[in-house]
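Spelled out from the first residue to the last, the chains are:
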Amino acid sequence: MRGRSVRPVDRAGGGEEAIRLTRCAGTWLADPPDAAEQARIADAVRALNGQRALALALHRDQAALDAYCVELFRDPMFAPLHIGPEVIQRIIAKLGEPPVVDETDTTAFSEYLQRAVLLFALPNPRRLLAAQLRRYLPRFTEAGDWKAAVAIDYSAFRTSLGNEVTPFLAQMTLAGLADYYDDDVEE
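Residues numbered from 1 in each chain as written. Predicted model: local features only at pLDDT ≥ 70, side-chain atom pairs only at ≥ 80, totals over all residues. Heavy atoms only, no water.

## Description of the pattern of salt bridges
Tallied over the full model, the rule gives nine salt bridges. Close ionic contact of R23 with D183 constitutes a salt bridge, the shortest N to O distance being 2.9 Å. Of the two residues, R23 sits in the loop between α1 (15-21) and α2 (35-49) while D183 sits in helix α10 (residues 167-186), which places them 160 residues apart along the sequence. On the accessibility criterion, R23 (24% relative accessible area) is partly exposed. One salt-bridge network, in which partners are shared between bridges, spans R23, D179 and D183. (Salt bridge = Lys/Arg side-chain N within 4 Å of Asp/Glu carboxyl O. Helix = DSSP H or I, 4+ residues; strand = E, 2+ residues; numbered from the N terminus. Buried < 20%, exposed > 50% of the residue type's maximum accessible area, 1.4 Å probe, protein only.)

Below, the structure written as structure tokens:
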């Protein structure tokens, strides 16, 4: 696994930057991880290293792994990581409103979503989001849900070191847009 790819010292998660970037205010992800949580994350990473065969099997079919990641990140437990309204407002100010498309033509919306992610997903926000995501690892390793744990580790690695639109970033941005418009309707 890629345990050393996300540096816990400068981007451990939580704090003002996480609150500004995501919807984690008022949740356990708003505060930086304490020593006990960091130890649990380190234990989870060590446990995950024993799942190399599963990781290799999952990586053989990249499209299936990406689809699994999208499904995993749709779970409401990841709602605190949805991109926050401040970032969504900046995206809309820069790109305009998302296009309304029908089910036969999703290309315009996919392109909008990719451009939206690349507007905010610079190196520091990527590292912070990856660190926040890795805070979920102990929950899955302790439950023995190795497939989800491998997917989280894989997504955190790709998010932190890449410059691509990962399934994690795409899903968090999509959900952030939905949250933003749902909040708008409620007001």
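Let us keep going from here.
## Looking at the packing of aromatic side chains
Per the counting criterion, the structure on display carries seven aromatic pairs. When the centroid spacing of 5.3 Å and the interplanar angle of 70 degrees are considered together, the rings of W28 and Y136 count as edge-to-face. Note that W28 is positioned in the loop between α1 and α2 and Y136 in the loop between α7 (123-134) and α8 (137-143), a separation of 108 residues in sequence. The exposure class assigned to W28 is partly exposed, which follows from its relative accessible area of 36%. Judged by its relative accessible area of 0%, Y136 falls in the buried class. Ring centres 5.1 Å apart and planes at 85 degrees place the aromatic pair F73 and F78 in the edge-to-face group. Both residues of the pair, F73 and F78, count as buried. Through a chain of ring-to-ring contacts, the aromatic side chains of W28, F73, F78, Y136, F140 and F168 assemble into a single cluster. (Phe/Tyr/Trp six-rings, centres within 6.5 Å; stacked < 30°, edge-to-face > 60°.)

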